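Residues per chain are reported as follows:
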Amino acid sequence: MDVLQGTLELLILETLAAAQELHGFGILDWIRESTEGDLQIEEGALYPALHRMQKRGLLASTWGISSKGRRARYYCLTDAGREALAGERARWKRYVSAVEQIATSGRG
Amino acid sequence: MRSHDPIERRLPLFSQTENDGIDWELQHHLLETADRLVEEGWTPDAARAEAERRFGSVAGRKQELKKIGRTTTGGDGMMEWFAGEVRGWTGAARRLVRSPGPTGVIVGSLALAMATALTTWAVVYGIMLEPAPYADPGGIVEVDASDEPERYWTRYLGPATAGSWSEAGLFTHAGLHSSFDVARTDRGQAESVSIRGLTAGAEAALGVEPVRGRAFAAEEFARSAPVAIATWDYAVRLEREGWSLGDPITIDEIEVAVIGVMPRDFRFPMRFGAPLFVPMSDALEALGRTGRYGELVARIPEGRTIESVQTQADELRPVLVERLDNAKLAWIKLNSIERRYWSRGVRSALILVGLAVAALVLIAIANASLLTSIRAADRRRETQVMRALGASRGTLLVRWWREAALLGLAAIVAATLATQGMLGLVPSLLPRSVAFMAPNRFVLDPRVLAMGLAAIGVFTAALSVVPAFFLSGDRLVGGATGDRRHSDGRGARRLRSGLLSAQVALSFVLLIGATLVLRSYVGLNATDVGYDVDHTASLMIDPTPARYPDPESQRVLMSRILRELEAIPGVDAVAPTIAGISFGYDLLDSNGESMGLEPDIVPYLEVYDDGPNAMGVRLVAGRWFEPGDAGSNGIIIDRAWADLAFGSAESAVGAYGPLWAEGDPVRIVGVADDLRLESPDDRSGRFDRVLAASRDERVITSLAIRVAPGVPVPIAEIREAVGRVDPAQPIGQLRTGRDALADDLSTDRFLSWMLASLAAMALMLALIGLQAGAAYGVQQRRREIGIRLAIGAEPGAVRRGVLRQTGAVAALGVVIGALIAFRATGTIAENLYGIDARDPLTFAAVPILLVGASLLGALGPALRATRVDPARVLREE
């Protein structure tokens, strides 16, 4: 299942809220892992999203060394990011219930 | 997954350009993907190609990223590092707050144990180890000597001999001190105050100067001038009343100018500290009173040891005996004031409390370790995922270390606050046997506090290693490989049960100790002391010299008081009775031969030969005193003494002869049931006696009062009766026999309460640990339990299984604890009375209590275990 348009940001925010600090590969892996591989994110699309979110101040990043001794850029949430997460969650819930209403009325 | 542990921070990562950064980031992604593919069985070359294929156009993405033009914070290394630290620490704090239960228990255990340890240290240090507040305290000695009770102290240590000591070159300064109960009357109602008279020699021996005002002048000693120096605390009180330095207060109707204040930490080195000091002449006169006995305090010459001066004093003894025309000076003992407090019961009691505190600290550490390991195991999956995602062990360590450091910091703050609170409480909890030697308040040396707090720091740092230890074996099993095995390793389980068993073992030892001491204390309270504690009271009247200047007026005062007391309804008998102790003698048997016994002290009662038996002494043979017994040295000895020296109570009655070496012949008129005049505990093998004394010229100011059975001891009425005779007359040491006994037992009571509360704390911590362990065990086995219930297992059997596991851990702890307790009984034996340190009942009851309590603690988790919904558990999996 591909990620619906507009939900990648929410997934990134959720992942970083849960895992505190991850590099790009880690974020993808975390999402795959926690959805049992149900959600596949287009790998190339991840980094532009991360960079845009950092530019908007939702994320901060630092350089570190991964367990394999490689340099990696680690991302984490800023306070603005945490606020955005709350807003995104609410928006997502409204979206889901709206879609559900239509889906159930269509069936009836 | 932190990028800012100390090693990483030193890497020159921050100077790279933005373009370099994008390259690195994408490169990293491709390498990680390729690694993962290799793990899945791809060849390295194929894996690299596949990684690039999955990523799409690397060059295109680079362009896109450059266009976004993110300005990294990488340029400012310090700022980035700082922001990272803040994130790291707030993250750690958030994780701790999310699990308030374990966090609270870890912080609470550590703080409680450390505060108890620090407080105990402050008390033990303040009482036993702190240098006495005198210049060169090692050179100050108290001088004890043996003599007949009626001449005790006064002659050998009195004015006549004080000079002899110095003449012989034993001391550079020597002098007497004596205490008086006086009435202070400038505050309206007469108020009893203790004062201590010091001779010039005693003051010089102590060598302490007032911190405010001045010391006594030489001529003030000679004429026992009406001036006084106050202790710091009393001066604070006086100032509250509007006093300022040099103002007088009224004592015994004399205006006494308070001319100086002692330093704040000053303590008089002997028992019964007084708030006021007055100059005393060498004839023991102070404020118009004459002391009955003075005690000798002296300073030995610089550079000499107490032992060498003691040898010289032993040589001087015959000279003193000859000079004073008295052959009964059996021994002279010099006691360093520094070692004054190492008395038998107190010392061992403090050691026991110290050991108990150490055990509590160990239990707290075990508990904190246990809960940390449970937290670690609980978060195993989270850490596995992190590990799989590339977090290094260093990163995980830093993550755990931050949490441990925050826990430690919280514990340090809590411990500091708790220590301050406990130190404020301590002075009111100390037993009388200890309080007199304690400083006014206990303070904690900042270095000790720092050490204690550092210990928490070191311990919590070590705690961060525990989870790291668990997690080090976890690489890439669990989360990353999709293996959903939840339960943790056998090593971790063993470590946890080991910690639990250790806690139970230490609690067991503490519980055994507390139970033994408590039972011993209860036994001591119930001991028959041979006289009537429940229907007697005693008091002392020190006639105010201004009103009663001569023996005749004092005698009139005493007989009026006696009549008033006799008139109180319910009072059966009132009689002048003096209780005291004399130091040991070589006791003789009926043939006048030494029995080879030299008891430490021989407590005695002095009763006037026609005085009623106002202490309610129970006779087993012979009779009570009659008029004329004083003339023939009539004496009543206790049964233990009679049995040893004469074979039986009956054969002792009527015997005439000396009872101890160098003693005058006495006539035994009666034998009392075993007497315990000094203390209900007879561990030192004391012998007690009651003497018939003659009234001669002495005015006897100690009274014993006995009431009829069933009548409460009328303390208030006794006070009123004395007040009716003279409202300005202070009453000293008025207390019931029961209260006097309670004072004697204050060390035992203190020890009982201390050990009982420490044991209770230990038990509480151990139960928290067991409960947490059981709850965690159930949570770990949810799946297994769910399956067992699904295939028809009895819920009862599941519950029993959980209880069995906890029971086994507790039982192992009990066995280990029993072995320790059984071996360590010697430590406590000295503080036990009437109960064996290996008392079978205690050793049988405590395990039942402990295992019972653990099972009770595990009951909750056991009940929860059977509420596991099999369907849900299986669905979760």
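Residues numbered from 1 in each chain as written. Chains lettered and ligands numbered in written order. Predicted model: local features only at pLDDT ≥ 70, side-chain atom pairs only at ≥ 80, totals over all residues.

> Residue-level account of the overall build of chain A, with values.
Helix and strand counts for chain A come out as four helices and three strands. The secondary structure elements of chain A, listed N-terminal to C-terminal, are α-β-α-α-β-β-α. Burial status across chain A gives 41% buried among its 108 residues. In chain A, of all internal contacts separated by at least 6 residues, the share reaching a separation of at least 24 is 48%. (Helix = DSSP H or I, 4+ residues; strand = E, 2+ residues; numbered from the N terminus. Buried ≥ 20, exposed ≤ 12 C-beta atoms within 10 Å, placed from the backbone. Contact = placed C-beta atoms within 7 Å.)

> Residues and numbers for the overall build of chain B, please.
Helix and strand content of chain B: 28 helices and 22 strands. Taking all 877 residues of chain B together, the buried fraction comes to 44%. The long-range fraction of contacts in chain B, counting pairs at least 24 apart against all pairs at least 6 apart in sequence, stands at 83%.

> Lay out helix α2 (residues 24–34) of chain A in plain terms, naming residues and giving numbers.
Residue and element names in this part refer to chain A. In terms of residue burial, α2 counts as a mostly covered element, since eight of its eleven residues are buried. Here α2 has its buried residues at Gly24, Phe25, Gly26, Ile27, Leu28, Asp29, Trp30 and Ile31. Phi turns positive, to about 60 degrees, at glutamate 36, one or two residues after α2.

> I'd love a proper account of unusual backbone geometry, names of residues and values included.
Excluding glycine, residues mostly have negative phi values, and the peptide bonds linking residues are mostly trans. Of note, glutamine 20 of chain A is a non-glycine position whose phi angle comes to about 70 degrees, a positive value. For glutamine 20 of chain A, the position within the fold is in the loop between α1 (8–19) and β1 (22–23). The residue serine 224 of chain B is not glycine, and still its phi comes out positive at about 35 degrees. The topology assignment puts serine 224 of chain B in the loop between α9 (218–222) and β5 (227–230).

> Outline helix α14 (residues 393–429) of chain B, listing residues and values.
For α14 of chain B, with 37 residues, the first-to-last C-alpha span of 50 Å sits near the 54 Å given by 1.5 Å per residue. Remark: the principal bend of α14 of chain B, roughly 25 degrees, maps to leucine 423 of chain B, with a proline, proline 427 of chain B, within the next four residues. (Expected span 1.5 Å × (residues − 1). Bend = angle between axes of the 7 residues up to and from the residue.)

> Quick rundown of the pairing of strand β6 (residues 248–251) of chain B? Include the residues and the values.
Residue and element names in this part refer to chain B. Of the two faces of β6, only the one carrying Ile249 and Ile251 is buried; Pro248 and Thr250 on the other face are not. With four bridges connecting them, β6 and strand β7 (residues 254–261) associate as antiparallel partners. Pairing of isoleucine 249 across the sheet is with valine 256, part of β7. Counting the residues between successive antiparallel strands, the hairpin from β6 to β7 contains two residues, one of them, aspartate 252, with a positive phi of roughly 50 degrees. (Pairing = 2+ DSSP bridges.)

> Can you break down the environment of threonine 527 of chain B residue by residue, with the values?
Residues and elements named next belong to chain B. With respect to the element layout, threonine 527 can be found in the loop between α17 (490–526) and β13 (536–541). On the neighbour-count criterion, threonine 527 (19 C-beta atoms within 10 Å) is partly exposed. Note: C-alpha distance between threonine 527 and aspartate 681 (154 residues apart in sequence) is 8.2 Å. Sequence-distant contacts of threonine 527, that is, excluding residues within four places in its chain, are made with Arg676 and Pro680.

> Could you give an account of the confidence of the model for chain B, naming the residues involved and the relevant values?
Residue and element names in this part refer to chain B. Mean pLDDT over chain B stands at 80; residues scoring 70 or higher make up 83%. Here helix α1 (residues 6–9) is the element of chain B with the lowest mean pLDDT, 33, and β5 is the one with the highest, 95. Taken as a whole, residues 149–156 scores under 50 in pLDDT and shows 22 contacts with residues more than four places along the chain or in a different chain. Within the model, pLDDT remains below 50 along residues 474–487, and this stretch shows 25 contacts once partners closer than five positions in the same chain are excluded. (pLDDT = per-residue confidence, 0-100.)

> Outline the environment of aspartate 378 of chain B, supporting the account with residue identities and numerical values.
Following the sequence through the fold, aspartate 378 of chain B ends up in helix α12 (residues 344–378). Linking aspartate 378 of chain B and tyrosine 776 of chain B, residues 398 residues apart in sequence, is a C-alpha distance of 8.5 Å.

> Talk me through the nonpolar core; I want residue IDs and the actual numbers.
All names here are of chain B. Counting 108 residues, the largest nonpolar core has Leu110, Leu360 and Ala762 as its most contacted members. If one sorts the elements of this core by residue count, helix α23 (residues 746–780) sits on top with 19 residues. Residues within four places of leucine 110 in sequence aside, it is in contact with Ala364, Ala368, Ala411, Ala415 and Ile456. Counting 59 residues, the second largest nonpolar core, distinct from the first, contains Val602, Ala642, Leu675 and Ala704. (Core = buried A, V, L, I, M, F, W, Y, C linked by C-beta atoms within 7 Å.)

> Residues and numbers for the packing of α17 of chain B against α23 of chain B, please.
All names here are of chain B. Interaxial distance between α17 and α23 falls to 8 Å at its minimum, and their mutual angle equals 155 degrees. Judged on the interaxial angle alone, α23 and α17 are roughly antiparallel. With respect to the hand of their crossing, α17 and α23 are arranged in left-handed fashion. Residues belonging to the contact of α17 with α23 are distributed by class as follows: 20 nonpolar, seven polar and three charged. (Axes fitted to C-alpha atoms, helices over the stretch in contact; angles between N-to-C directions. Parallel < 35°, antiparallel > 145°, perpendicular 65-115°, else oblique. Left-handed = near helix turned anticlockwise from the far one by under 90°. Nonpolar A, V, L, I, M, F, W, Y, C, P; charged D, E, K, R; others polar.)

> For the packing of helix α3 (residues 43–55) of chain A against helix α4 (residues 58–68) of chain B, give the residues involved together with the corresponding values.
Contact geometry for α3 of chain A and α4 of chain B: axes closest at 10 Å, N-to-C directions at 5 degrees. As the angle between them shows, α3 of chain A and α4 of chain B are arranged roughly parallel. For the pair α3 of chain A and α4 of chain B, contact is made by Gly44, Tyr47, Pro48, His51, Arg52 and Lys55 of chain A and by Arg61, Glu64, Leu65 and Ile68 of chain B, respectively. Of the residues contributing to the contact of α3 of chain A with α4 of chain B, the split by class is four nonpolar, two polar and four charged.

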